[in-house]
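Chain by chain, the residues run as shown.
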Amino acid sequence: MIVVTGATGNVGRSLVQALAAAGERVTAVSRGASQVPQGVSHRQADLGEPESLKPVLDGADALFLLVAGEDPRGIVEAAGAGGVGRVVLLSSQGAGTRPEVYRHPLAFEDAVQRSGLDWTILRPGGFDSNAFAWAETVRSRRTAAAPFGDVGLPFIDPADIAEVAAVVLRDGGHAGRTYELTGPASITPRRRAQAIGEALGAPVRFVEQSREEARAQMLQFMPEPMVEGTLAILGEPTPAEQRVSPHVEQILGRPPRTFAEWAARNIAAFR
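Predicted model only: the values in this text are computed from it and were never measured. (Residues numbered from 1 in each chain as written. Predicted model: local features only at pLDDT ≥ 70, side-chain atom pairs only at ≥ 80, totals over all residues. Heavy atoms only, no water.)

Draft legend 1. Summary view of the overall build of the protein. Of the regular secondary structure elements, the protein holds 13 helices and nine strands. Its C-alpha atoms give the protein a radius of gyration of 19 Å, near enough to 18 Å, the size a compact globule of 271 residues would have. Projected onto its principal axes, the C-alpha coordinates of the protein cover approximately 50 × 40 × 35 Å. Within the protein, the fraction of its 271 residues that count as buried is 48%. In the protein, 72% of the contacts between residues at least 6 apart in sequence involve partners at least 24 apart. Carbon and sulfur atoms make up 48% of the accessible area of the protein, which amounts to about 12300 Å² in all. Charged side chains of the protein number 27 positive and 31 negative; the gap between the two group centres comes to 4 Å. (Helix = DSSP H or I, 4+ residues; strand = E, 2+ residues; numbered from the N terminus. Rg over C-alpha atoms; globule rule 2.2 N^0.38 Å. Buried < 20%, exposed > 50% of the residue type's maximum accessible area, 1.4 Å probe, protein only. Contact = heavy atoms within 4.5 Å. Areas by Shrake-Rupley, 256 points an atom, 1.4 Å probe, with all protein chains shown as cover. Lys, Arg positive; Asp, Glu negative; His and termini not counted. Charge placed at Lys NZ, Arg CZ, Asp CG, Glu CD.)

Draft legend 2. Local environment of the environment of proline 184. Note that proline 184 resides in the loop between strand 8 (177–181) and helix 8 (189–200). Measuring from C-alpha to C-alpha, the distance between proline 184 and isoleucine 75 comes to 34 Å, with 109 residues separating the pair along the chain. When neighbours within four sequence positions are excluded, proline 184 is seen to be in contact with Val244, Pro256, Arg257 and Thr258.

Draft legend 3. Molecular detail of the layout of surface pockets. Its boundaries defined by the atoms lining it, the second largest pocket holds a volume of some 150 Å³. If you trace the second largest pocket, you find it lined by Asn10, Arg13, Ser14, Gln17, Ser129, Phe132, Asp157, Pro158, Ala159, Trp262, Arg265 and Asn266. The leading source of residues in the lining of the second largest pocket is helix 1 (residues 10–21), at four residues. Looking at the lining of the second largest pocket residue by residue, the classes come out as four nonpolar, five polar and three charged. (1 Å grid on protein atoms, 1.4 Å probe; cavity = no way out; pocket = protein on both sides within 12 Å on 5 of 7 lines; lining within 4 Å. Points joined across faces, edges and corners; volume = space filled by probe spheres on them. Nonpolar A, V, L, I, M, F, W, Y, C, P; charged D, E, K, R; others polar.)

Draft legend 4. Quick peek at the pairing of strand 2 (residues 26–30). Counting buried residues in strand 2 gives five out of five residues, a clear majority hidden from the surface. Alignment of strand 1 (residues 2–5) against strand 2, held across four bridges, turns out to be parallel. Counted as the bridge partner of valine 3 is threonine 27 from strand 2. Note: strand 2 against strand 3 (residues 41–44), four bridges, orientation parallel. (Pairing = 2+ DSSP bridges.)

Draft legend 5. Local environment of the side chain of aspartate 128. Relative to the elements of secondary structure, aspartate 128 occurs in the loop between strand 6 (118–124) and helix 6 (135–141). At 6.4 Å, arginine 192 is the nearest oppositely charged side chain to aspartate 128, a buried residue that forms no salt bridge. Reaching out from aspartate 128, the side chain makes a polar contact with the backbone nitrogen of aspartate 157 at a distance of 3.2 Å. The contacts of aspartate 128, once residues within four sequence positions are left out, are Phe155, Ile156, Asp157, Pro158, Thr258, Phe259 and Trp262. (Salt bridge = Lys/Arg side-chain N within 4 Å of Asp/Glu carboxyl O. Polar contact = N/O pair within 3.5 Å; in protein donor to acceptor, adjacent residues only side chain to side chain.)

Draft legend 6. A look at the nonpolar core. Within the largest apolar cluster, 27 residues are counted, with the highest numbers of intra-cluster contacts made by Val4, Leu15, Leu19, Phe64, Leu122, Leu169 and Leu181. Of all elements in the fold, only strand 1, helix 1, strand 2, strand 4 (62–66), strand 5 (86–90), helix 7 (158–170), strand 8 and helix 12 (247–252) reach the threshold of two or more residues within this core. Top element by residues in this core is helix 7. It accounts for seven residues. If we skip the residues at most four places from it in the chain, leucine 15 touches Val4, Phe64, Ala162, Ala165, Ala166 and Leu169. By size, the runner-up hydrophobic cluster in this structure holds 24 residues, among which are Leu57, Leu63, Ala79 and Leu117. (Core = buried A, V, L, I, M, F, W, Y, C linked by side-chain atoms within 4.5 Å.)

Draft legend 7. Layout of the sheet that holds strand 4. Pairing is parallel across the open sheet formed by seven strands, whose spatial order is 3-2-1-4-5-6-8. Lying at the two open borders of the sheet, with one neighbouring strand each, are strand 3 and strand 8. Strand after strand, the sheet turns through a mean of 20 degrees between neighbouring axes, direction not considered. Sheet contacts for helix 7: strand 1, strand 4, strand 5, strand 6 and strand 8; angle to strand 5, the most-contacted strand, approximately 165 degrees. (Axes fitted to C-alpha atoms, helices over the stretch in contact; angles between N-to-C directions.)

Draft legend 8. Local environment of the pattern of salt bridges. One pass over the full model with this rule turns up 17 salt bridges. Its salt-bridge partner being arginine 257, residue aspartate 160 comes within 2.4 Å of it at the nearest N-O pair. Here arginine 257 lies in the loop between helix 12 and helix 13 (259–265) and aspartate 160 lies in helix 7, a separation of 97 residues in the sequence. The exposure class assigned to aspartate 160 is buried, which follows from its relative accessible area of 0%. Note that glutamate 228 is salt-bridged to arginine 215, the shortest N-O span being 2.5 Å. Placement of glutamate 228 in helix 10 (residues 224–235) and of arginine 215 in helix 9 (residues 211–218) is noted, with a sequence separation of 13 residues between them. Under the relative-accessibility criterion, glutamate 228 is labelled partly exposed at 26%. Residues joined in a network through salt bridges with shared partners are Asp160, Glu163, Arg254 and Arg257.

Remember that the coordinates give geometry; whether it matters functionally is a separate question.
Here you go:
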């Protein structure tokens, strides 16, 4: 059995579907009620409360783990006690490029590496699905606002992350590996807005925010250190953060999807 935490998220939802389609026995875990594909079991549990995971993990073979909660060691101990032999952790590229800011995912990486279980760490960069933040303004005003309009980063489709995770969870040949996951090419915020407009068949006007405007907006839903780290990546990315990784293609045998493909598949959110 494979347990998927964060089963209602952009990655988890696609991962559950991929594993179920492959014939795996899957338990989808989320904090609230959720609809899951036929044949998939759903359980409610909270990564912030490792005790709540114990009945969910009992008898599991593998665990897909999000960075959530403040007790990563408690989570991996519960996994080991339940019989889990393999953990695939969804971390963040920033854990490698800006460890002084991304201490939370680093704590999870350290916990799984010290767990005694087989582990694989996935470090994706920015998600294509971050563009959902534009959905309301694109629908109402055909505008999209972001800072650093002409700075490109190789954003990745969450569906590609899910497919990589599905392969790694099912194949024991990835133990002890850390994979950087990116899209196929750097793309700027201005170009992403244009791609959404092309998928809509109507122009989307890009509005460039100042750093302070973006910071004030982000502080509404992110802690300040993470806001500063995110703005640094968006505005002054390191060569490592701009580099296109080969790992998605190596694992899936195909190139990662483009942002334009993501936009076309999700265009209903912007109509």
